[in-house]
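# Examination of the molecular architecture
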Amino acid sequence: MGLIQEIPVYLGTRSYEIVIGSEHLSSLGSRIRSLDIGTDAVLLSNRTVFRAHGKPVTASLKKAGFAVHPLTVPDSERSKSLAVLGKLLTELARLQKPGRCLFLVLLGGGVIGDLGGVAAGLYRRGIPCVQLPTTLLAQVDSSIGGKTAVDLPQGKNLVGLFYQPRLVFEEISFLRTLPDRQVRSGMAEIIKCGVIRDSVLFDRLEQETIVSLRADEKAMAWVIARAAAVKAKTIEQDEHEKKGIRTILNFGHTVGHAVEAAGGYTGFAHGEAVALGMRVASEIARRMKVISKQDADRINSLINRFGLPAHIRGVQWDRVWNAMAHDKKWVRSRNRWVLPTGIGRCTVREGIPEPVIRAAIRTYWEE
Ligand SMILES: NC(=O)c1ccc[n+]([C@@H]2O[C@H](COP(=O)([O-])OP(=O)(O)OC[C@H]3O[C@@H](n4cnc5c(N)ncnc54)[C@H](O)[C@@H]3O)[C@@H](O)[C@H]2O)c1
Ligand SMILES: [Zn+2]
């Protein structure tokens, strides 16, 4: 068992821990037991992940005295639908028996975490849930902070709620089975955290590569913990995204979301799109003279170092532009950008002149 790191998330009565380590699954059951959140664990996953990692999770829960009810949903973003959510809620009601107190354990990437989070928040007006993220993206981002949602045909993440987990338990060895492309995609969110709030993390990433991190789980755990801490600190200051602080986590996402949407969510992986978005936002920052050329270049070089894309391709300009204009985070149709002001620092700016935005996108546009 490797070094275990614990990051507290202080949210008053909704506080919880993010526990990060390698080969520490045996302690999962007893940790949950100490939280006193129920008798029966409903273990939600998909078949891919359950086959790879379900066994030791189930064993740890059983050893701690919990009954375990495994449930799987199809391995696809399409599981974030009202139809699958309805089935899941019905299944929870079916499992409800006298003397049973249910809680959810969400074993998977962001899809499972988001779907299961909504179900936990809605069923009986809320039952406890534990996030057991298995993708890098989920470990540094989606499992932390309590944003949960499912999709509608009209758009992604349109139906959801803020609902905090009772524990985020991160097992680094889950990542051994994760394809490289998924790891790179998650790295984009880690780079984001370094840029917006943690220059020490950024400096360290400049010394690492995907290969070095995959080969050294201690190094990977350190990097994940730093990024998770950035997310935790940010949401502590603005849990419900009301004060404009949580907005900084959106660095790279203005263009990122637009590129993803324009490609019908089939071209770029989320982190790949965010990487392009970070390049464009850094270019805007440089043109607006809020960051030095040298720091903007460092951000770009780090994105290159982790093998993330350098060109927006395979999408139509008008689609990207329209998707951006419809971004639900833009305030009263004024464009809004998270711009880096240095390494580990950023600012939120509204009303950037359109020619500056167009020129910055063109810098990375491949015809
Ligand atoms: N709630 C939030 O704050 C938040 C933040 C960011 C993203 N999201 C959401 O997260 C989702 C994307 O999450 P994701 O990138 O984790 O995708 P995902 O959940 O679809 O997982 C990606 C793929 O990896 C597989 N997989 C997962 N863990 C694995 C492992 N250890 N080994 C091998 N394969 C594994 C999955 O089965 C899936 O095929 C999107 O729906 C997005 O909207 C939510
Ligand atoms: Zn993201």
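Residues numbered from 1 in each chain as written. Chains lettered and ligands numbered in written order. Predicted model: local features only at pLDDT ≥ 70, side-chain atom pairs only at ≥ 80, totals over all residues. Heavy atoms only, no water.

What follows deals with the overall build of the protein chain. Within the protein chain one finds 14 helices and 11 strands. In terms of overall dimensions, the protein chain is globule-like: its C-alpha atoms have a radius of gyration of 20 Å, near the 21 Å expected for 367 residues. Looking at the protein chain as a whole, 56% of its 367 residues qualify as buried. Summarising the internal contacts of the protein chain: among those between residues at least 6 apart in sequence, 76% fall at separations of at least 24. Accessible surface computed for the protein chain: about 15,800 Å², of which carbon and sulfur atoms make up 51%. Taking the 51 positively charged and 36 negatively charged side chains of the protein chain as two groups, their mean positions are separated by 4 Å. (Helix = DSSP H or I, 4+ residues; strand = E, 2+ residues; numbered from the N terminus. Rg over C-alpha atoms; globule rule 2.2 N^0.38 Å. Buried < 20%, exposed > 50% of the residue type's maximum accessible area, 1.4 Å probe, protein only. Contact = heavy atoms within 4.5 Å. Areas by Shrake-Rupley, 256 points an atom, 1.4 Å probe, with all protein chains shown as cover. Lys, Arg positive; Asp, Glu negative; His and termini not counted. Charge placed at Lys NZ, Arg CZ, Asp CG, Glu CD.)

What follows concerns the pattern of salt bridges. The tally for this structure, following the rule as stated, stands at 27 salt bridges. Between Arg298 and Asp203 there is a salt bridge; the shortest N-O distance is 2.9 Å. Of this pair, Arg298 sits in helix H12 (residues 293–305) while Asp203 sits in helix H7 (residues 199–205), and the two are 95 residues apart along the sequence. Judged by its relative accessible area of 27%, Arg298 is partly exposed. Glu206 is the partner of Arg298 in a salt bridge, and the nearest nitrogen-oxygen pair spans 2.8 Å. (Salt bridge = Lys/Arg side-chain N within 4 Å of Asp/Glu carboxyl O.)

Looking now at the nonpolar core. Counting 79 residues, the largest nonpolar core has Leu136 and Ile361 as the members making the most contacts within it. Per-element tally for this core: the top contributor is helix H9 (residues 217–237), with 11 residues. Here this core gathers at least three residues from each of two domains, domain 1 (5–178) and domain 2 (242–363). Filtering out sequence-adjacent residues up to four positions away, Leu136 remains in contact with Leu175, Leu178, Val183, Gly186, Met187, Ile190, Met220 and Ile224. Judged by nonpolar contacts, the second largest core, of 22 residues, contains Val73, Leu92, Val118 and Tyr123. (Core = buried A, V, L, I, M, F, W, Y, C linked by side-chain atoms within 4.5 Å. Domains from an automatic or database assignment.)

In the vicinity of ligand 1, 23 residues are found, and the nearest of them are Glu77, Thr134, Thr135, Lys147 and Thr177. Here a nitrogen atom of ligand 1 and a backbone polar atom of Lys147 are 2.7 Å apart. Of all the secondary-structure elements, those providing two or more residues to the shell around ligand 1 are helix H2 (47–63), helix H4 (110–122), helix H5 (136–142) and strand S8 (155–162). Of the residues belonging to the shell around ligand 1, the class tally is five nonpolar, 10 polar and eight charged. (Near = heavy atom within 4 Å. Polar contact = N/O pair within 3.5 Å; in protein donor to acceptor, adjacent residues only side chain to side chain. Nonpolar A, V, L, I, M, F, W, Y, C, P; charged D, E, K, R; others polar.)

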